[in-house]
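Single-letter residue listing:
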Amino acid sequence: MKKKIVIALWISLFALIVVFGCLVVYENKLETAERERIEQEQEEQRLAEEEAARLEAEKEEDKDSSEKKDKYTFKDFEATYYAQSKATVRQEPYDAAEIIGTLSLDSRVAIVAKCNETDYYKIKVNGDYGYISFEDVSEEYLPIPLPISTSKSVPSATKDILFIGNSITLYPATKDWWGSGWGCGATAAENDYVHLTVAAKGYSSYDYMSLRSWEFSSTRNYEVDDLDPYITKYQYGTIVIELGENVKGHEDHFKEDLTDMITYIKTYNPNARIVMLDNFWPYKSIISTKKEVASAQGITYVSLSDIQGVQDYMLQAGDQYTTPDGTVYTIGSFLAGHPNDAGFAAIAQHLIGAL
């Protein structure tokens with residue numbers, strides 16, 4: 001009997017332990033659920049506060065934008081001016097506004113409007129808009145002084161001829177063509193107009209260089225000292241200028257800049273005969289300016305009018321050229337239009353006839 005009572009007590013104790021354990025587990029689940037509920041409520045409250053703050057910020061931003069629109073008004077004003085040295089372009093039309101860029105001296109400025117509240121123009125730059133102070137632009141081109149220095153003197157050493165040009169005179173090796181430092185489009189150095197002229201005239205000393213960057217520049221007088229390694233070192237019997245093809249689209253103050261270049265050359269090579277070569281491509285306004293400058297400066301002008309635009313003298317897009325080592329080049333947009341060997345021979349014949 002006692003044994004049964006002991007067993008019953010043990011069973012009751014075990015049952016109590018199980019029940020207690022279940023209660024503990026249940027309480028823990030309730031606490032976990034409550035904690036998760038509280039955390040979820042806090043997270044929802046935090047997100048709601050962030051959303052409210054975002055909406056408020058957007059509201060303030062819209063308000064600021066609206067106030068700015070109301071603050072600055074503009075009058076249509078279309079003009080093309082020139083930038084003063086290091087003209088500052090700002091995001092808004094006032095002095096403390098964020099700077100978004102600068103313009104070099106004599107860069108063209110396309111003005112589209114004038115601010116009624118501040119001394120600022122609204123300008124268009126690279127398809128976007130900015131603002132520039134009235135003081136940073138000029139209606140007139142501002143001449144850039146030539147870099148003539150008293151430390152440079154007229155050279156005593158002599159050479160026969162100097163060729164100054166663009167890619168038709170000299171172009172470095174690139175993946176686009178087979179050449180390496182001669183007239184772009186010629187199959188070999190000896191076939192470009194420089195080397196054909198030198199061979200035909202029997203010149204024993206000559207130089208040729210590229211001033212291609214000068215053609216594109218809005219500040220060309222900053223480029224002319226690239227001539228110094230030549231014209232301040234040697235007195236040339238003849239100097240040929242082959243420039244103008246790349247001036248198309250960059251014709252602002254071309255006449256003044258070309259005149260300045262010739263003045264610069266004459267400063268250090270006063271005894272050289274200067275010859276200006278006509279454009280290979282028939283850009284009428286550029287050619288007209290070149291002829292006018294040549295006449296005013298008393299220099300020889302060599303016309304290429306009979307070969308300008310003649311397809312037989314040009315490389316054609318899609319044509320192929322195979323180099324001696326077997327490499328095949330297909331004429332692309334860069335090379336197309338440049339003289340082929342026949343074109344270079346024709347240029348040389350015209351030049352040789354004038355020399």
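Remember, it's a predicted structure, so these values are computed and weren't measured experimentally. (Residues numbered from 1 in each chain as written. Predicted model: local features only at pLDDT ≥ 70, side-chain atom pairs only at ≥ 80, totals over all residues. Heavy atoms only, no water.)

A.B. asks: What is the right way to look at the pairing of strand β10 (residues 235–242) in this model?
C.D. replies: Moving residue by residue along a regular strand, the side chains alternate between the two faces of the sheet. The buried fraction of β10 is high, at seven of eight residues. As defined by bridge partners, strand β8 (residues 158–165) adjoins β10 across seven bridges and the pair is classed as parallel. Residue pairing for β10: L162 is matched across the bridge by I239. Of the strand pairs in this sheet, β10 and strand β11 (residues 273–277) are connected by four bridges, and their pairing is parallel. Looking across to β11, one finds that V240 is bridged to V275. (Buried < 20%, exposed > 50% of the residue type's maximum accessible area, 1.4 Å probe, protein only. Helix = DSSP H or I, 4+ residues; strand = E, 2+ residues; numbered from the N terminus. Pairing = 2+ DSSP bridges.)

A.B. asks: In this structure, what is going on with the sheet that holds β8? I would like to understand it.
C.D. replies: The five strands lie next to each other as β9-β8-β10-β11-β12, forming an open sheet whose pairing is parallel. The two strands at the open ends of the sheet, each matched to only one other strand, are β9 (206–210) and β12 (300–302). Within this sheet the neighbouring strands show an average axis-to-axis angle of 20 degrees, counted without direction. Pairing of β11 with β12, which is carried by three bridges, proceeds in the parallel orientation. Bridged to M276 within β12 is Y301. In the packing of helix α7 (residues 341–354) onto the sheet, the strands contacted are β8, β10, β11 and β12, and the crossing angle to β11 comes to about 150 degrees. (Axes fitted to C-alpha atoms, helices over the stretch in contact; angles between N-to-C directions. Contact = heavy atoms within 4.5 Å.)

A.B. asks: Any chance you could explain the sheet that holds strand β5 (residues 120–125) here in plain terms?
C.D. replies: The strands making up a sheet associate through hydrogen bonds between their backbones, and the pairing can be parallel or antiparallel. Read across the open sheet, the seven strands follow the order β3-β2-β6-β5-β4-β1-β7; overall the sheet is antiparallel. The two strands at the open ends of the sheet, each matched to only one other strand, are β3 (99–103) and β7 (137–138). Where strand β4 (residues 108–115) and β5 come together, four bridges link them in antiparallel fashion. Bridging across to β5, A113 finds its partner in K122.

A.B. asks: Looking at this model, I keep getting lost on the packing of aromatic side chains. Mind explaining?
C.D. replies: Geometry of an aromatic ring pair is reported as the spacing of the ring centres plus the angle between the planes. According to the stated counting rule, one finds 17 aromatic pairs in the structure shown. Ring geometry for F77 and Y81: centres 6.3 Å apart, planes at 75 degrees, overall edge-to-face. Under the relative-accessibility criterion, F77 is labelled partly exposed at 28%. Its relative accessible area of 10% is what places Y81 among the buried residues. One aromatic cluster in this structure is built from W177, W178, W182, Y321 and Y329. Here the basic side chain of K248 rests over the ring of Y283, its NZ or CZ set 5.0 Å away from the ring centre. (Phe/Tyr/Trp six-rings, centres within 6.5 Å; stacked < 30°, edge-to-face > 60°. Lys NZ or Arg CZ within 6 Å of the ring centre and 35° of its normal.)

A.B. asks: Even after reading the chapter, I still don't get the pairing of β5, so can you show me in this structure?
C.D. replies: Hairpin connection, β4 to β5: the antiparallel pair is bridged by four residues. Pairing between β5 and strand β6 (residues 128–133): six bridges, direction antiparallel. Paired with V125 across the two strands is D128, which belongs to β6. Hairpin connection from β5 to β6: two residues lie between these consecutive antiparallel strands, with N126 at a positive phi of about 50 degrees.

A.B. asks: Please clarify how unusual backbone geometry should be interpreted in this entry.
C.D. replies: Most peptide bonds take the trans form, and the phi angle of most residues other than glycine is negative. The phi dihedral of H253 falls on the positive side, at around 45 degrees, and the residue is not glycine. The topology assignment puts H253 in the loop between β10 and α5 (254–268).

A.B. asks: So what exactly am I meant to see when it comes to the packing of α5 against helix α6 (residues 284–297) here?
C.D. replies: When two helices pack together, you describe them by how their axes are tilted relative to each other and by the distance separating the axes. The geometry of α5 relative to α6 is characterised by a closest axis approach of 10 Å and an angle of 40 degrees between their N-to-C directions. For the element pair α5 / α6, the angle class is oblique. Where α5 crosses over α6, the handedness of that crossing is right-handed. Facing F254, K255, L258, T259, I262 and K266 of α5, the residues of α6 in contact are I286, T289, K290, E292, V293 and Q297. Here the residues of the contact of α5 with α6 are counted per class, giving five nonpolar, three polar and four charged. (Parallel < 35°, antiparallel > 145°, perpendicular 65-115°, else oblique. Left-handed = near helix turned anticlockwise from the far one by under 90°. Nonpolar A, V, L, I, M, F, W, Y, C, P; charged D, E, K, R; others polar.)

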